[in-house]
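Geometric and topological summary
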Amino acid sequence: MAIEGSIKNLQLKKHSDSFGIRLHKDLRKNYDAYLLILPALLFYILFCYKTMAGAVIAFKDYIPAKGIWGSPWAGLKHFEAFFGSYYFQRLLRNTVVISLVSLAIGFPAPIVFALLLNEVRNLKFKRTVQTITYMPHFISLVVVCSLIRIFTMDTGVIVQLLALFGFEPVSLLTKSRYFVPVYVLSDIWQHIGWGSILYLSALSSIDPTHYEAAVIDGAGRWKQTLHVTLPGISSTIIIMFILRAGSIMNVGFEKIILLYNEGIYETSDVISTFVYRKGLEQFQWSYSGAVGLFNSIINFIIVVIVNKISRRVSETSLW
Amino acid sequence: MRQSIGERVFSLFNTIFLSVMILITIYPLYFCLIASFSDPIELSMNPGAILLPFTPFTLSAYSKVINHSLFVSGFRNTIYVVVVGTLINMALTIISAYVLSRKGLMLNRVLTFFIIFTMYFSGGLIPGYLNVRSLGMINSLWALILPGAISTYNLIIMRTAFKGVPDALSESAQIDGARHFTVMSRILIPVCLPTIAVLVLYYAVGHWNAWFGASIYLQDATKHPIQLVMRNILISANASEMIGDIGGEDKARYVELIKYALIIVSTVPVLVLYPFLQKYFVKGVMVGSVKE
Amino acid sequence: MKKRVIPILLTIVLLAALFSVCACTPAGSTTTTQKGTTTTTAGTGTSQSSTTATPVYPTYPLDGTVTLKYASAVSAHVTAVSTWPDTPFWQAWQDQTGVKLELQEVTDFSLLLASGDYPDIITSGAWGSYSGGIAKAIDDGIVMPITDYLDTLAVNYKERLMSNEEWMKGATTPDGQFPGFYHLRSNDPGVSNSYGMIMRKDWLDDLGLSAPVTADEFIDTLTAFKNDKSAVSPFSIPIGELRNMGNWGILTSPYGLVSTGYFHTDGKVHYGAFEASYKDYLIWLNKLFSDGLLDKNFLTLDTATKNSNIMNGISGATGGYAGGGIGVWMGTMKDKDPEYELVGVGSLVANAGDKALFSQRQALVPGQLSVVTTSCKNPEIAVQFLNYGYTEPGDLLMQFGIEGKSFEMRDGKPYYTDLVLKNPDGLPFAQALSQYDFCPENGPYIQGGEFCFQSYTDIQNHALAVWRDSDILEHFIAPVTIDPKDAEEYSTITSEIFTYINENFALFVTGEKSISEFDVYIDTLKSMKIERMIELYQNAYDKYMG
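Residues numbered from 1 in each chain as written. Chains lettered and ligands numbered in written order. Predicted model: local features only at pLDDT ≥ 70, side-chain atom pairs only at ≥ 80, totals over all residues.

**Quick word on unusual backbone geometry**
- The linkage connecting Tyr60 of chain C with the following residue, Pro61 of chain C, adopts the cis geometry, with an omega of 0 degrees.
- Residue position: Pro61 of chain C is located in the loop between helix H1 (15–24) and strand E1 (67–72).
- Across the junction of Cys439 of chain C and Pro440 of chain C, the peptide omega takes the value 5 degrees, indicating a cis bond.
- On the secondary structure map, Pro440 of chain C appears in the loop between helix H17 (429–434) and strand E15 (446–447).
- A positive phi is found at Asn139 of chain B, a non-glycine position, where the angle reads about 65 degrees.
- On the secondary structure map, Asn139 of chain B appears in the loop between helix H6 (125–134) and helix H7 (142–145).
- Asn139 of chain B gets classed as partly exposed once you count the C-beta atoms within 10 Å, which come to 16.
- For Lys529 of chain C, which is not a glycine, the phi torsion comes out positive at approximately 70 degrees.
- Checked against the element boundaries, Lys529 of chain C lands in the loop between helix H21 (518–527) and helix H22 (530–545). (Helix = DSSP H or I, 4+ residues; strand = E, 2+ residues; numbered from the N terminus. Buried ≥ 20, exposed ≤ 12 C-beta atoms within 10 Å, placed from the backbone.)

**As for the interface of chain A and chain B**
- Listed per partner, the contact involves 76 residues of chain A and 78 residues of chain B.
- Residues belonging to the side of chain A that touches chain B are distributed by class as follows: 48 nonpolar, 21 polar and seven charged. (Contact = placed C-beta atoms within 7 Å. Nonpolar A, V, L, I, M, F, W, Y, C, P; charged D, E, K, R; others polar.)

**Some words on the domain arrangement of chain B**
All names here are of chain B.
- As far as domains go, chain B holds domain 1 (5–58) and domain 2 (63–290).
- Examining the composition of the side of domain 1 that touches domain 2, we find that four residues originate from one element, helix H1 (residues 5–36), more than from any other.
- Its residues assigned to classes, the side of domain 1 that touches domain 2 comprises five nonpolar, two polar and no charged. (Domains from an automatic or database assignment.)

**What about the environment of Ser102 of chain A?**
Residues and elements named next belong to chain A.
- Its place among the elements puts Ser102 in helix H6 (residues 88–106).
- Distance in space between the C-alpha atoms of Ser102 and Gln160 is 25 Å, their sequence separation being 58 residues.
- If we skip the residues at most four places from it in the chain, Ser102 touches Val184 and Asp187.

**Remarks on the domain arrangement of chain C**
Residue and element names in this part refer to chain C.
- The domain architecture assigned to chain C consists of domain 1 (67–186 + 365–448) and domain 2 (195–360 + 473–545).
- Listed as interface residues are 18 residues of domain 1 and, on the opposing side, 14 residues of domain 2.
- Of all the secondary structure elements, the ones that give two or more residues to the side of domain 1 that touches domain 2 are helix H5 (133–139) and helix H7 (165–170).
- With five residues, the single largest contributor to the side of domain 1 that touches domain 2 is H5.

Now the structure itself:
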């Protein structure tokens, strides 16, 4: 107790000093901590902030021989070109649609899965389900995408199975209307098990007395889920949601470029794939930079908003 | 505990549903396995689901995969990146997460924002490339390791885990005069081992699966990691060949089988390691990530 | 005569060139260089440099102290067997030129250019797609033009260019600059044309059919393949190649459409995908698709699967090269199915007896270009090094490889040896040869027809002959360079238009978009300024034609 008291005193005293003096003291006292984090800061400066400064390329007409800073300014030319592009609306729409559908289905799926698993009483069966469903997470994207391509051909297993139910046997990746389902469902296939781990561990940390109390109150299983289980894992859900929301505009372009083709650009071409094609295939470096920057800004705004709402509603926040 | 009829029905359906999940998860891999040594012509003539391989069996696909020079170098490069990369990842992540989890440090709020900000803004493809280039890492495996030396996402998970350790533990040590490094290594790391195990897995799997960075930073095919080698074989539609075919005449016939064999050969190492790691998962991912 | 001409009369621009003459050419080789070479673009075939003294030919090997960084993609033929720097060719190239080489494999050309820090030499087929064209790449300070060296260090290259008008035109920018060393091709079969429709000959014979000539016959043949030969996808071809078949007019003549890309009639430039008759072509392709004749998976098909389809009887018709298609497929199948035989089928026509309007043709200057970059510290050495491929010994090295190994001389003529033709290790010809020479890959040299003549079978030669039987020369436009002042506008327009055309091609063929929307498609193209695009191309073409 005495120790705690002295620490409090110390803190009080600190607050009465000026900022400079407090900082000085802090640095002297915790210099080793700051030394420890130095390599990480170096990393962030060298690989993140230094690159970030390069985003100014979006406002330039980048000429390699002159470097980013030496190239002539272009103002907002590239942004205007993008907003005026024939494809602007489609890119924005696809990006948002794919994200939102992923969020709406892909986000709750592991939660539901965890809840279902949680209801399994046979531990051996539960363990088996877990072991097997975690597995696809460890299969690389390249392999998963080639699996998808093989299975969704008209002669592929999935299409042939669907055909038994009267479904037209077409190669799914040649029809734009099937792209989003294929993308989202394959994502769920790959990550549902792994994604549920987090919620399972949160579930296991719920105090059993809460359940006992609920049973005494006469709550059935469904009511227990509603009133004990869900509230018990809500903070996990919220943090995961914020993190997820932060990547709303970052639709996984690696997966899309491994899957799409020009016949289905209508639903599959997103901002990041567009940036990739412009920058790497068409030499339009500054234009590509402008589109990428636009994407980042929108993304950042979304995170800030979600974080704010969450802080207000649930007092959980990222920073 | 007695169960109502509704609950029993639910249990039944739940069991059926989860069993179907198992089937859906396993079948694609099983399909690749049996397809990889089936007769190529029979296989292409019989679309749809198959349960048994077609005779005559052939192991040609596997011998072609294993004898492919890039395949061996690809595996070697990937293992190098996974091991060295993950070591660096963990060292940096643990140390900086520790510092950020301390309460007494005045600069922590600033530092945290400084770091989290990078999750949402990046310079983009070209500036990123120019930066790696200016650091002299083009065509070097370091280009696959250093630019991603810390995943901010994982850093947050680690920080949260450290924060979840009761203050009393570390404070008492500090009172005894221990410096930060000692507190971290003697007290916090042992307590948070499960989280650390999970992060090792996150990072290692990330390195194992990465191909895009390699496709832009590495010029020599002999430096390519296995995933890039596979992408170039599995998913490429370039018809640039004018005369002659890549990999000898016989290969063309077995090309479908080679795809399956590649999938199997490249996936098996992970799946073999997997049961050994599995015990850490549930306990580990904890992730008290959870409490702020 | 070791005298140095005093360079008072020369401009500063020429100092470097002169210096290199003094520094790099052996005794007795002095000359006056003239900037006037830039005016030889008229390309009449007569030398305009007659005003200068006799040209100075670089002598090889050079002094051997300089190391050049050479950036290029590496041929798959080479990597199938070893790495490029380990091949006998790579060694011989260094020995014969007297230059040490350090290879930098190009993985992404766009990023390489974006870096601003270049290897000494970059060889790429993608220079033409640089935003603003090759002239812009010179303006942007990436490429060092070799114009000033043409009479000295690159004189062999210049003389070769002057022997052929199309070469000269193709190797010059609109403002008369020579950006570097282009891959040049002769007009021989197998070199200027090498791709076309390929069908199963044994199936045709079994069914008592002859090779289809018209669009309807084509459908009948494919239907017969499907019904009587149980071909799952009678016509199996990836989307990119199907589009190329349109660009090359292989399937379009029945609809009066020359090509789906650029072509001209009597000097007027057209773009096929903007023509009214393009609609009929799309309707026909859609019929192929919906009748199950065209591979249902053509949008996701990869080359490897296409190859296995035509070999395993999944398909009976596809597109391919004489060597990499017919040669490889028949070679692979000869042990497994002795009956298996392929045949080249010419471009389809409207009525039997007509001549096709168009066919596949490689421009004599296909656009693959080796440049000396502005980062090069020894541009004189680099220029001479690249010039070597256009000398006589260089020609032998690039096309035939190493004497006594990959070729031998008989009656003053080079012939490939059995080491490459019938490789003891069972390597295909192209792979075996790639260890000793540059051919068949594009590069800084002139590709002639011997490669094909000496290795092709009758079936392959027959295919080449029927493939090139068309009126193509009345419509063909060699790749032209857009005027630099229009280049940015042209790039901006095309970057959207080509995406739109390609995408809609896929949509119309699969029927995702009904053909009734064709008018909307045309209107959209207009709103994307396709007419302006064609106009700019017309200007460039007019300038090219002089």
